[in-house]
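Secondary and tertiary structure notes
One letter stands for each residue in the lines below.
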Amino acid sequence: MALTVNDLAHDTKLGLIPRIETSPESMNREIFWSHPTELINPQMFSQSDEIIVTSGAMIPRRTRANARAVDEAARVFIDNIASAHVCALAFGTRLLHKTIPQVLLDYARSRDLPVLEIPIEVPFSLVMNAVALGVESQRQAQLRQAYSDMRNLLQAASSQDPIRALTLNLDTSIGGWCVLFTPYGSVAESSHLSVRDRALTAMGARASDERNPQSMRVEGDHVRIVPLRSSDDTELGTLVAGSRMVPTEFDQTLITFAASLFGLALFRRHGQDETLQQMRSIMMRKAFDGDAAMLSDFTRTLWDCDMPREPLRVITIHGSAKELRSIAAEISPIRRSGSKHTDRIFGQVDSSLWIVTSSQAYRRMVKVLSGKYPVAIGISGVCDWQGLKEAQRQALIASSRAETATSMRTTFHAIEGDEQSGSIALFDEMPQAHATSSVVSAIDEDAAHVMAIALAQRSDELCHTVLVWLSQLCNNDRTAKFLGIHRHTLAKRLSDAEQALGRSLNDPQTRAELWLALNAEYAKQTDATPSAR
């Protein structure tokens, strides 16, 4: 326990006499140190929360002739020490003054400054030693506690789940809470469900310099924000810790120490996350290829959930690599962070993020993601596990519509009751003229003649190559293996196709329309699924 003014005033062994006991807040201030002085202005030698020890040499003895000078000296002295934020005044009597001058007591009372009388029998050194002993005892207790907390953090860092263990240990050590953010701004771990919004507020209010630690007040909490970076300056995330209590130097040191351990744990887990993402992508490809039944053995391990319940929706998201990584982190399994995204499997296939979720859960997920990320989102119609391939096609068409709407700065009502600025398209609610008529009916008159026939004029082999490439979700390695050709040969054919079409095959809308056009053109002659020639 820290030594307070009240403790010193009522220490019977010490024998001080309280002359002014001010507000509870002032009496309960912690004493940082003691400082003897006989100067009328000791500010340059004083620190905040010190107790001033004096015999009052700066205040003349009162006579009729100098009454005004005594009053002025008492006022100036009290004003100076109060401005230095000292916590109390200990005045020795029967040395220069028989009693503490009344004018000094009056001024001290007006400044809410406690005053203690030191009787002649009590040496000043005894008072100062009592303060030193109390402060030293407190510091030793803090050091012991800090050592214990650091040892607990080290044990947490070596546990099976170091990120979660460090989070829970740090919030206990500082008597508050902590939240860990990914480099993309989403929550990776939090100690309490209720503090996620508070931490997000702190992240939004921090200064533009995001490389250095920052401190601020958020909703009455003292918050510390510490960026986490590896030794090669790779951004690993951000640690946000807060507490209602004013942080001590030991709390600050503890947060810095914990941040170092978080950085080591995150760097160590980076390779594991890369492997996990690859496994998720592989399983998503197998699901779309018709092997969805095998997912039930892996959903708990890879996505920390059970199989999404039918009916299902397939969601595809197009955006930058950073945005897709951030969304994947947002919907990843998160303990105690308040995330409600638990009924989903997901993975990146080629350059898009794909999500399979229940029809009941997709609205909430899409609403959250569309409001935070500038991406194009396409949503399929309702399907079951056997119909994932068709749902994948529908999602691709819908995402093409979403990207078109975004580029045209139009508004599209993708979800009932919500209005999004061209970032979402739901296949079920797309206008019939666009979902089918504008593409399917145009196949005979437009797409088949302009696109499919344009390819056929080059060669029938070129048409077949493009159709296989589209059926393999535009994956060059899988297409080349399927056709039994070299990747460079495939790249040359795709380049020839772009020249024949006069359009880029990187455009999702071109891919969707070309897929429908070629399938319709070849449906009269071949099966819907092309075979290798």
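Residues numbered from 1 in each chain as written. Predicted model: local features only at pLDDT ≥ 70, side-chain atom pairs only at ≥ 80, totals over all residues. Heavy atoms only, no water.

What about the overall build of the chain?
Helix and strand counts for the chain stand at 17 helices and 15 strands. Of all 533 residues assigned to the chain, the portion counted as buried reaches 49%. Accessible surface for the chain amounts to roughly 26300 Å². Of this, 51% is attributable to carbon and sulfur atoms. (Helix = DSSP H or I, 4+ residues; strand = E, 2+ residues; numbered from the N terminus. Buried < 20%, exposed > 50% of the residue type's maximum accessible area, 1.4 Å probe, protein only. Areas by Shrake-Rupley, 256 points an atom, 1.4 Å probe, with all protein chains shown as cover.)

Some remarks on the pairing of strand S12 (residues 344-349)
Of all six residues making up S12, five are buried, and the element is well covered by its neighbours. As judged from the six bridges shared by S12 and strand S13 (residues 352-358), these two strands associate in the antiparallel manner. Bridged to Ile 345 within S13 is Val 356. Counted along the chain from S12 to the antiparallel partner S13, the turn is two residues long, and its residue Asp 350 has a positive phi close to 60°. (Pairing = 2+ DSSP bridges.)

Points about helix H7 (residues 196-205)
For H7, every residue scored as buried is listed here: Arg 196, Arg 198, Ala 199, Ala 202 and Met 203. Each buried residue of H7 sits inside an arc of 165° when the element is viewed along its axis, so together they form one side. Within H7, the exposed residues directed more than 90 degrees away from the buried face are Asp 197, Gly 204 and Ala 205. Those residues of H7 hidden inside the fold are in contact with strand S6 (177-181), strand S7 (187-190), strand S8 (214-218), strand S9 (221-229), strand S10 (235-243) and helix H10 (321-330). (Arc of directions from axis to C-beta. Contact = heavy atoms within 4.5 Å.)

Focus: the packing of aromatic side chains
Throughout the structure, instances matching the rule amount to one aromatic pair. Where Phe 288 meets Trp 354, the ring centres are 5.3 Å apart and the plane angle is 70°; that geometry is what we call edge-to-face. One end of the pair, Phe 288, is in helix H8 (residues 249-288); the other, Trp 354, is in strand S13, and 66 residues separate them in sequence. Classification of Phe 288 as buried rests on a relative accessible area of 2%. (Phe/Tyr/Trp six-rings, centres within 6.5 Å; stacked < 30°, edge-to-face > 60°.)

Quick word on the pattern of salt bridges
Inspection of every chain in the model, using the stated rule, returns 15 salt bridges. Residues Arg 75 and Asp 79 are paired through a salt bridge, measuring 2.9 Å at the closest nitrogen-oxygen approach. One end of the pair is Arg 75 and the other is Asp 79, both in helix H3 (residues 67-83) and four residues apart, which spans about a single turn. Here Arg 75 falls in the partly exposed class, since its relative accessible area comes to 28%. With its nearest N and O atoms 3.0 Å apart, the salt bridge here joins Lys 492 to Asp 496. With Lys 492 and Asp 496 both in helix H16 (residues 487-501) and four residues apart, this pair spans about one turn of that helix. By sharing partners, the salt bridges in this structure join Glu 72, Arg 75, Asp 79 and Arg 111 into a single network. (Salt bridge = Lys/Arg side-chain N within 4 Å of Asp/Glu carboxyl O.)

Quick look at the sheet that holds strand S15 (residues 424-426)
Read across the open sheet, the five strands follow the order S12-S13-S11-S14-S15; overall the sheet is mixed. The strands lining the two open edges of the sheet, one partner per strand, are S12 and S15. On average, each strand axis in the sheet is tilted by 15° relative to the strand beside it, whichever way the strands run. Bridge count for strand S14 (residues 376-379) against S15 is three bridges, and the pairing is parallel. Paired with Ile 377 across the bridge in S15 is Ile 424. Lying on the sheet, H10 is in contact with strand S11 (312-318), S12 and S13; it crosses S13 at an angle near 25°. (Axes fitted to C-alpha atoms, helices over the stretch in contact; angles between N-to-C directions.)

So, a nonpolar patch on the surface
The grouping of Leu 39, Met 44 and Phe 45 at the surface amounts to a nonpolar patch, some 350 Å² of accessible area in total. If you trace the backbone, Leu 39 turns up in the loop between strand S2 (33-36) and strand S3 (50-54). (Patch = residues over 30% accessible without salt bridge, like charges linked within 9 Å, V, L, I, M, F, W, Y side chains within 5 Å.)

Some remarks on the environment of Ile 331
Locating Ile 331 in the fold gives a position in the loop between H10 and S12. Residue Ile 331 is classed as buried on the basis of its relative accessible area of 0%. Taking the C-alpha atoms as reference points, Ile 331 and Met 365, 34 residues apart in sequence, are found 8.4 Å from one another.

Remarks on the nonpolar core
One finds Trp 303, Val 314, Ile 315, Ile 317, Val 356, Ile 377 and Leu 388 to be the most contacted residues of the largest nonpolar core, which totals 40 residues. Excluding residues within four positions of it along the chain, Val 356 makes contact with Met 284, Phe 288, Pro 308, Leu 312, Arg 313, Val 314, Asp 343, Arg 344, Ile 345, Trp 385 and Leu 388. (Core = buried A, V, L, I, M, F, W, Y, C linked by side-chain atoms within 4.5 Å.)

Let's talk about helix H14 (residues 460-471)
Taking 1.5 Å of rise per residue, 12 residues should cover 16 Å, and H14 covers 17 Å from first to last C-alpha, within 8% of that figure. Residues of H14 that are buried: Leu 462, Cys 463, His 464, Thr 465, Val 466, Leu 467, Val 468, Trp 469, Leu 470 and Ser 471. Leu 473 lies just past H14 and shows a positive phi near 60°. (Expected span 1.5 Å × (residues − 1).)

Topic: the layout of surface pockets
Here the second largest pocket defines a volume of roughly 1100 Å³. What lines the second largest pocket is a set of 31 residues, and nearest its centre among them are Glu 30, Gln 138, Gln 142, Thr 248 and Phe 250. Looking at the lining of the second largest pocket, the elements with two or more residues in it are helix H5 (124-157), helix H6 (162-174) and H8. (1 Å grid on protein atoms, 1.4 Å probe; cavity = no way out; pocket = protein on both sides within 12 Å on 5 of 7 lines; lining within 4 Å. Points joined across faces, edges and corners; volume = space filled by probe spheres on them.)

Description of the sheet that holds strand S1 (residues 17-20)
Read from one edge of the open sheet, five strands run S1-S5-S4-S3-S2, paired in mixed fashion. Strands at the two margins of the open sheet, each flanked by one partner only, are S1 and S2. Taken pair by pair, the neighbouring strands of this sheet meet at an average axis angle of 25°, ignoring direction. Running at roughly 70° to S1, helix H4 (residues 102-110) makes contact with S1, strand S4 (88-92) and strand S5 (115-118) of the sheet.

So, the confidence of the model for the chain
For the chain, mean pLDDT is 80; residues scoring 70 or higher make up 84% of the total. Here residues 334-340 is a poorly scored stretch, pLDDT under 50, and it has 23 contacts once near neighbours within four places are set aside; other chains count. With pLDDT under 50 throughout, residues 524-533 is counted as low confidence; its partners more than four residues away or in other chains account for 13 contacts. (pLDDT = per-residue confidence, 0-100.)

Description of unusual backbone geometry
Note the cis peptide between Glu 310 and Pro 311, where omega equals 0°. With respect to the helices and strands, the residue Pro 311 is situated in the loop between helix H9 (299-303) and S11. Look at His 85: it is not a glycine, yet its phi comes out positive at around 60°. For His 85, the position within the fold is in the loop between H3 and S4.

Quick look at the packing of helix H15 (residues 476-483) against H16
A pair of packed helices is characterised by two quantities: the angle between their axes and the separation of those axes. H16 packs onto H15 with a crossing angle of 105° between their chain directions and a minimal axis gap of 9 Å. Regarding the angle of H15 to H16, the classification is roughly perpendicular. Counting all contacts with H15, which are made through Asn 476, Asp 477, Thr 479, Ala 480 and Leu 483, the residues of H16 involved are Arg 487, Leu 490, Arg 493 and Leu 494. (Parallel < 35°, antiparallel > 145°, perpendicular 65-115°, else oblique.)

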